[in-house]
Amino acid sequence: MAPELRRGTDATASSAQAAAVRATADAGPADNMREYKIVVLGAGGVGKSALTVRFAQGVFVDSYDPTIEDSYRKQVELDGRTCVLEILDTAGVEQFTAMRELYIKNGQGFLLVYSLTDAASLRELQKLHEQIARIKDRRSVPIVVAGNKSDLDGQRAVSAADVADVVGAWGVPHLECSARVHHNVDDIYMNLVRQIIRRESVFTPTALASEKSPETDSRRSSRNNGSKRSSDGRRRSKRKMCVIL
(Lines give C-alpha, C1' and ligand atoms only; values in the text may rest on other atoms or scores of the structure.)
Protein backbone atom coordinates (compact mmCIF):
# COMPACT_ATOMS: atom_id res chain seq x y z
CA MET A 1 0.00 0.00 0.00
CA ALA A 2 1.39 3.36 -0.96
CA PRO A 3 1.77 6.01 1.74
CA GLU A 4 -0.32 9.08 2.19
CA LEU A 5 1.29 12.52 2.09
CA ARG A 6 -0.20 15.43 3.98
CA ARG A 7 1.22 18.65 2.59
CA GLY A 8 1.85 21.54 4.95
CA THR A 9 2.64 25.16 4.11
CA ASP A 10 5.63 24.34 1.93
CA ALA A 11 6.40 26.39 -1.16
CA THR A 12 5.25 24.93 -4.50
CA ALA A 13 7.51 22.28 -6.05
CA SER A 14 7.78 21.66 -9.76
CA SER A 15 4.59 20.30 -11.34
CA ALA A 16 6.15 16.93 -12.18
CA GLN A 17 7.45 16.41 -8.66
CA ALA A 18 4.21 17.64 -7.11
CA ALA A 19 2.24 15.19 -9.25
CA ALA A 20 4.50 12.32 -8.19
CA VAL A 21 4.04 13.22 -4.53
CA ARG A 22 0.26 13.68 -4.73
CA ALA A 23 -0.36 10.41 -6.61
CA THR A 24 -0.52 8.31 -3.42
CA ALA A 25 -3.09 6.26 -1.53
CA ASP A 26 -4.12 6.41 2.10
CA ALA A 27 -2.04 4.43 4.56
CA GLY A 28 -4.09 5.00 7.71
CA PRO A 29 -3.29 2.59 10.56
CA ALA A 30 -5.43 -0.46 11.19
CA ASP A 31 -6.61 -1.15 14.73
CA ASN A 32 -3.75 -3.57 15.43
CA MET A 33 -0.99 -1.32 14.06
CA ARG A 34 1.19 0.91 16.15
CA GLU A 35 1.88 4.43 14.96
CA TYR A 36 5.23 6.13 15.56
CA LYS A 37 6.00 9.82 15.22
CA ILE A 38 9.38 10.73 13.69
CA VAL A 39 10.69 14.29 13.45
CA VAL A 40 13.37 15.20 10.89
CA LEU A 41 15.62 18.07 12.00
CA GLY A 42 18.67 19.83 10.60
CA ALA A 43 19.96 22.99 8.97
CA GLY A 44 18.45 24.28 5.74
CA GLY A 45 19.64 22.72 2.49
CA VAL A 46 21.05 19.50 3.97
CA GLY A 47 18.48 17.30 2.22
CA LYS A 48 15.90 16.57 4.93
CA SER A 49 13.02 16.68 2.44
CA ALA A 50 14.95 14.70 -0.17
CA LEU A 51 15.63 11.91 2.34
CA THR A 52 12.04 11.84 3.55
CA VAL A 53 10.47 11.82 0.08
CA ARG A 54 12.96 9.17 -1.06
CA PHE A 55 11.95 6.96 1.88
CA ALA A 56 8.21 7.66 1.76
CA GLN A 57 7.73 7.84 -2.02
CA GLY A 58 10.78 6.17 -3.54
CA VAL A 59 11.59 9.22 -5.70
CA PHE A 60 14.37 11.79 -5.59
CA VAL A 61 13.37 15.46 -5.42
CA ASP A 62 16.16 17.32 -7.17
CA SER A 63 15.06 20.94 -6.64
CA TYR A 64 15.44 22.79 -3.33
CA ASP A 65 12.35 24.44 -1.90
CA PRO A 66 12.69 25.61 1.73
CA THR A 67 10.23 23.67 3.87
CA ILE A 68 8.04 25.10 6.59
CA GLU A 69 6.28 21.84 7.46
CA ASP A 70 5.46 18.65 5.55
CA SER A 71 3.89 15.55 7.06
CA TYR A 72 4.16 12.07 5.51
CA ARG A 73 2.63 8.72 6.44
CA LYS A 74 4.11 5.39 5.46
CA GLN A 75 3.11 1.84 6.38
CA VAL A 76 6.10 -0.47 6.86
CA GLU A 77 6.86 -4.06 7.82
CA LEU A 78 9.61 -4.24 10.41
CA ASP A 79 10.87 -7.37 12.16
CA GLY A 80 7.57 -9.18 11.60
CA ARG A 81 5.29 -6.36 12.70
CA THR A 82 3.31 -3.81 10.72
CA CYS A 83 3.45 -0.21 11.82
CA VAL A 84 2.65 3.24 10.46
CA LEU A 85 5.22 6.01 10.54
CA GLU A 86 4.19 9.62 10.71
CA ILE A 87 7.22 11.61 9.55
CA LEU A 88 7.36 15.35 10.10
CA ASP A 89 9.79 17.19 7.82
CA THR A 90 10.60 20.51 9.49
CA ALA A 91 12.04 23.90 8.63
CA GLY A 92 15.77 24.47 8.89
CA VAL A 93 15.63 28.15 9.79
CA GLU A 94 15.77 29.91 13.14
CA GLN A 95 12.52 31.85 12.88
CA PHE A 96 10.50 28.67 13.40
CA THR A 97 12.05 27.79 16.77
CA ALA A 98 8.69 27.84 18.59
CA MET A 99 7.18 25.42 16.07
CA ARG A 100 10.21 23.14 16.38
CA GLU A 101 9.79 22.95 20.16
CA LEU A 102 6.23 21.72 19.66
CA TYR A 103 7.38 19.10 17.15
CA ILE A 104 10.04 17.84 19.58
CA LYS A 105 7.54 17.66 22.43
CA ASN A 106 5.22 15.42 20.36
CA GLY A 107 7.87 13.36 18.59
CA GLN A 108 8.97 9.87 19.63
CA GLY A 109 12.16 9.62 17.56
CA PHE A 110 14.41 12.13 15.86
CA LEU A 111 16.44 12.04 12.66
CA LEU A 112 19.19 14.67 12.83
CA VAL A 113 20.46 15.39 9.31
CA TYR A 114 23.58 17.25 8.20
CA SER A 115 25.36 17.50 4.86
CA LEU A 116 28.75 15.87 4.34
CA THR A 117 29.55 18.84 2.10
CA ASP A 118 28.89 21.43 4.82
CA ALA A 119 30.81 21.32 8.12
CA ALA A 120 28.66 24.07 9.66
CA SER A 121 25.54 21.91 9.24
CA LEU A 122 27.16 19.26 11.45
CA ARG A 123 27.82 21.79 14.19
CA GLU A 124 24.17 22.89 14.00
CA LEU A 125 23.20 19.46 15.33
CA GLN A 126 24.76 20.27 18.70
CA LYS A 127 22.08 22.88 19.42
CA LEU A 128 19.32 20.57 18.20
CA HIS A 129 20.54 17.72 20.39
CA GLU A 130 20.60 20.00 23.43
CA GLN A 131 17.10 21.22 22.62
CA ILE A 132 15.77 17.66 22.36
CA ALA A 133 17.36 16.69 25.69
CA ARG A 134 15.88 19.76 27.38
CA ILE A 135 12.35 19.37 26.01
CA LYS A 136 12.07 15.58 26.33
CA ASP A 137 13.74 15.74 29.77
CA ARG A 138 15.33 12.31 29.37
CA ARG A 139 18.89 11.00 29.53
CA SER A 140 18.29 8.97 26.36
CA VAL A 141 15.99 9.62 23.40
CA PRO A 142 15.69 7.62 20.13
CA ILE A 143 17.98 9.50 17.71
CA VAL A 144 19.82 8.70 14.48
CA VAL A 145 22.37 11.10 12.99
CA ALA A 146 22.46 11.03 9.18
CA GLY A 147 25.24 12.49 7.06
CA ASN A 148 23.52 13.11 3.71
CA LYS A 149 25.05 13.58 0.23
CA SER A 150 27.59 10.77 0.53
CA ASP A 151 27.51 10.51 -3.27
CA LEU A 152 29.30 13.90 -3.53
CA ASP A 153 32.60 12.48 -2.37
CA GLY A 154 34.65 15.10 -4.21
CA GLN A 155 32.90 17.85 -2.25
CA ARG A 156 33.22 16.26 1.18
CA ALA A 157 33.92 18.79 3.95
CA VAL A 158 33.29 16.61 7.03
CA SER A 159 35.78 14.02 8.31
CA ALA A 160 35.26 11.09 10.67
CA ALA A 161 37.10 13.09 13.34
CA ASP A 162 34.68 16.00 12.89
CA VAL A 163 31.74 13.66 13.41
CA ALA A 164 33.33 12.12 16.51
CA ASP A 165 33.92 15.57 18.02
CA VAL A 166 30.24 16.51 17.73
CA VAL A 167 28.34 13.22 17.96
CA GLY A 168 30.74 10.84 19.71
CA ALA A 169 29.54 11.51 23.26
CA TRP A 170 25.85 11.13 22.42
CA GLY A 171 25.92 7.35 22.08
CA VAL A 172 23.59 7.33 19.07
CA PRO A 173 23.89 5.65 15.64
CA HIS A 174 25.53 7.64 12.84
CA LEU A 175 25.11 6.67 9.18
CA GLU A 176 26.25 8.28 5.96
CA CYS A 177 23.56 8.25 3.30
CA SER A 178 22.49 9.67 -0.05
CA ALA A 179 18.94 10.54 -1.07
CA ARG A 180 20.09 10.83 -4.69
CA VAL A 181 21.38 7.27 -5.06
CA HIS A 182 19.16 5.78 -2.32
CA HIS A 183 22.11 4.75 -0.13
CA ASN A 184 21.24 3.84 3.50
CA VAL A 185 17.98 5.83 3.32
CA ASP A 186 15.74 3.00 4.51
CA ASP A 187 18.32 1.98 7.12
CA ILE A 188 18.30 5.32 8.94
CA TYR A 189 14.51 5.27 9.35
CA MET A 190 14.30 1.59 10.28
CA ASN A 191 17.10 2.00 12.82
CA LEU A 192 15.18 4.85 14.41
CA VAL A 193 11.91 2.90 14.54
CA ARG A 194 13.69 -0.03 16.19
CA GLN A 195 14.98 2.34 18.88
CA ILE A 196 11.45 3.64 19.51
CA ILE A 197 10.02 0.10 19.72
CA ARG A 198 12.83 -1.06 22.00
CA ARG A 199 12.33 1.89 24.31
CA GLU A 200 8.57 1.32 24.32
CA SER A 201 8.97 -2.34 25.30
CA VAL A 202 11.62 -1.74 27.99
CA PHE A 203 10.46 1.40 29.76
CA THR A 204 7.30 1.36 31.85
CA PRO A 205 5.82 4.68 33.02
CA THR A 206 7.53 4.14 36.39
CA ALA A 207 10.89 3.51 34.72
CA LEU A 208 10.47 6.56 32.54
CA ALA A 209 9.80 8.71 35.59
CA SER A 210 12.99 7.45 37.22
CA GLU A 211 14.95 8.22 34.06
CA LYS A 212 14.52 11.98 34.35
CA SER A 213 17.61 13.98 33.57
CA PRO A 214 19.98 15.01 36.41
CA GLU A 215 18.95 18.63 35.85
CA THR A 216 15.34 17.74 36.66
CA ASP A 217 16.38 15.81 39.77
CA SER A 218 18.39 18.82 40.92
CA ARG A 219 15.43 21.16 40.47
CA ARG A 220 13.17 18.77 42.40
CA SER A 221 15.69 18.50 45.22
CA SER A 222 16.01 22.26 45.54
CA ARG A 223 12.23 22.59 45.81
CA ASN A 224 12.03 19.92 48.50
CA ASN A 225 14.73 21.62 50.59
CA GLY A 226 12.25 24.39 51.33
CA SER A 227 9.79 22.07 53.07
CA LYS A 228 9.68 20.25 56.42
CA ARG A 229 7.89 17.14 57.60
CA SER A 230 5.66 17.15 60.67
CA SER A 231 5.73 14.46 63.35
CA ASP A 232 3.12 12.42 61.47
CA GLY A 233 5.28 12.35 58.34
CA ARG A 234 3.29 14.84 56.32
CA ARG A 235 5.21 17.52 54.46
CA ARG A 236 4.65 21.11 55.46
CA SER A 237 5.90 23.82 53.14
CA LYS A 238 7.14 27.14 54.43
CA ARG A 239 4.72 29.85 53.46
CA LYS A 240 5.29 33.56 53.50
CA MET A 241 2.46 35.72 54.82
CA CYS A 242 1.66 39.18 53.54
CA VAL A 243 -0.40 41.63 55.59
CA ILE A 244 -2.03 44.50 53.73
CA LEU A 245 -2.63 47.60 55.88
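Counting of residues starts from 1 at the beginning of each chain's written sequence and follows it residue by residue. Residues qualify for local features only when their pLDDT is at least 70, as the model is predicted, and side-chain atom pairs are given and counted only at 80 or more; totals for whole chains, interfaces and linings, by contrast, use all residues. Water and hydrogen atoms were dropped before computing side-chain values, which therefore reflect all heavy atoms in the structure.

Caption draft 1: Spatial organisation of the overall build of the protein. Numbering goes from the N terminus for both helices and strands, where a helix is a DSSP run of H or I of at least four residues and a strand is a run of E of at least two. Along the backbone of the protein there are eight helices and nine strands. Relative accessibility under 20% of the residue-type maximum defines a buried residue, over 50% an exposed one, and the middle range a partly exposed one, all with a 1.4 Å probe and only protein chains included. For the protein, with 245 residues in total, the buried portion stands at 40%. Across the protein, every contact between residues at least 6 apart in sequence was considered, and the portion connecting residues at least 24 apart equals 73%. A 1.4 Å probe and the Shrake-Rupley method give the accessible areas. Residues count as covered only by the protein chains that appear here. Summed over all atoms, the accessible surface of the protein reaches about 13600 Å², with 51% contributed by carbon and sulfur. Two residues form a contact once any of their heavy atoms are found within 4.5 Å.

Caption draft 2: Expanded view of unusual backbone geometry. Not every positive phi belongs to a glycine, and K149 is a case in point at roughly 75 degrees. Phi at H182 takes a positive value of approximately 60 degrees, unusual for a residue other than glycine. Position of H182 among the secondary structure elements: in the loop between β7 (174-176) and α6 (185-202).

Caption draft 3: Local environment of the pairing of strand β6 (residues 143-148). Most of β6 is tucked away, with six of its six residues classed as buried. What you see with β6 is no split at all: I143, V145 and G147 on one side and V144, A146 and N148 on the other are buried throughout. Summarising the sheet, strand β5 (residues 109-115) and β6 pair through six bridges and their orientation is parallel. Note on β6: the bridge partner recorded for L112 is V145. For the handedness criterion, the strands are oriented away from the viewer, and a crossover whose path from the first strand over the helix to the second runs clockwise is classed as right-handed. For the segment spanning β5, helix α4 (residues 119-136) and β6, crossover handedness is right-handed. By definition, two strands form a pair when at least two bridges between them are found by DSSP. As paired strands, β6 and β7 are joined by three bridges and run parallel to one another. From the neighbouring strand, A146 faces β7, where its bridge partner is L175.

Caption draft 4: A look at helix α5 (residues 160-167). Those residues of α5 not exposed but buried are V163, V166 and V167. Projection of α5 onto a plane perpendicular to its axis shows the buried side chains occupying an angular sector of 75 degrees, all on one side. Here the buried face of α5 lies against β5, α4, β6 and β7. This arc is built from the directions going out from the helix axis to the C-beta atoms.

Caption draft 5: A look at the packing of helix α2 (residues 48-57) against α6. Every axis corresponds to a line fitted to the C-alpha atoms, with the helix fit spanning only the stretch in contact, and the corresponding angles, defined between N-to-C directions, vary from 0 to 180 degrees. Here α2 crosses α6 at 85 degrees, and the two axes come no closer than 9 Å. By the angle class used here, α2 and α6 are roughly perpendicular. Only V185, D186, I188, Y189 and M190 of α6 make contact with α2, whose side of the interface consists of L51, T52, R54 and F55. Tallied by class, residues from the contact of α2 with α6 come to six nonpolar, one polar and two charged. Small angles under 35 degrees read as roughly parallel and large ones over 145 as roughly antiparallel, with 65 to 115 read as roughly perpendicular and the rest as oblique. Here the term charged refers only to Asp, Glu, Lys and Arg, the term nonpolar to Ala, Val, Leu, Ile, Met, Phe, Trp, Tyr, Cys and Pro, and the term polar to all other amino acids, Gly among them.

Caption draft 6: View of the pattern of salt bridges. A pairing counts as a salt bridge when a side-chain nitrogen of Lys or Arg comes within 4 Å of a carboxyl oxygen of Asp or Glu. Taken as a whole and assessed by the stated rule, the structure comprises 12 salt bridges. Its salt-bridge partner being R73, residue E35 comes within 3.1 Å of it at the nearest N-O pair. Placement of E35 in strand β2 (residues 34-42) and of R73 in strand β3 (residues 69-78) is noted, with a sequence separation of 38 residues between them. Judged by its relative accessible area of 25%, E35 is partly exposed. Residue R180 pairs with D62 through a salt bridge whose shortest N-O separation is 3.6 Å. A residue pair is termed long-range when its members are at least 10 positions apart, and R180 in the loop between β7 and α6 and D62 in the loop between α2 and β3 qualify at 118 residues. Ionic contacts of the salt-bridge type, sharing partners, join the residues E35, K37, R73 and E86 into one network.

Caption draft 7: Geometry of the environment of L192. One can find L192 in helix α6. Taking relative accessible area as the criterion, L192 reaches 0% and is therefore assigned buried. As a C-alpha pair, L192 and P142 span 50 residues in sequence and 6.4 Å in three-dimensional space. Those residues in contact with L192 that lie beyond four places of it in its chain are I38, G109, F110, L111, P142, I143 and V144.

Interpretation note: all reported values are geometric properties and have no functional meaning in isolation.
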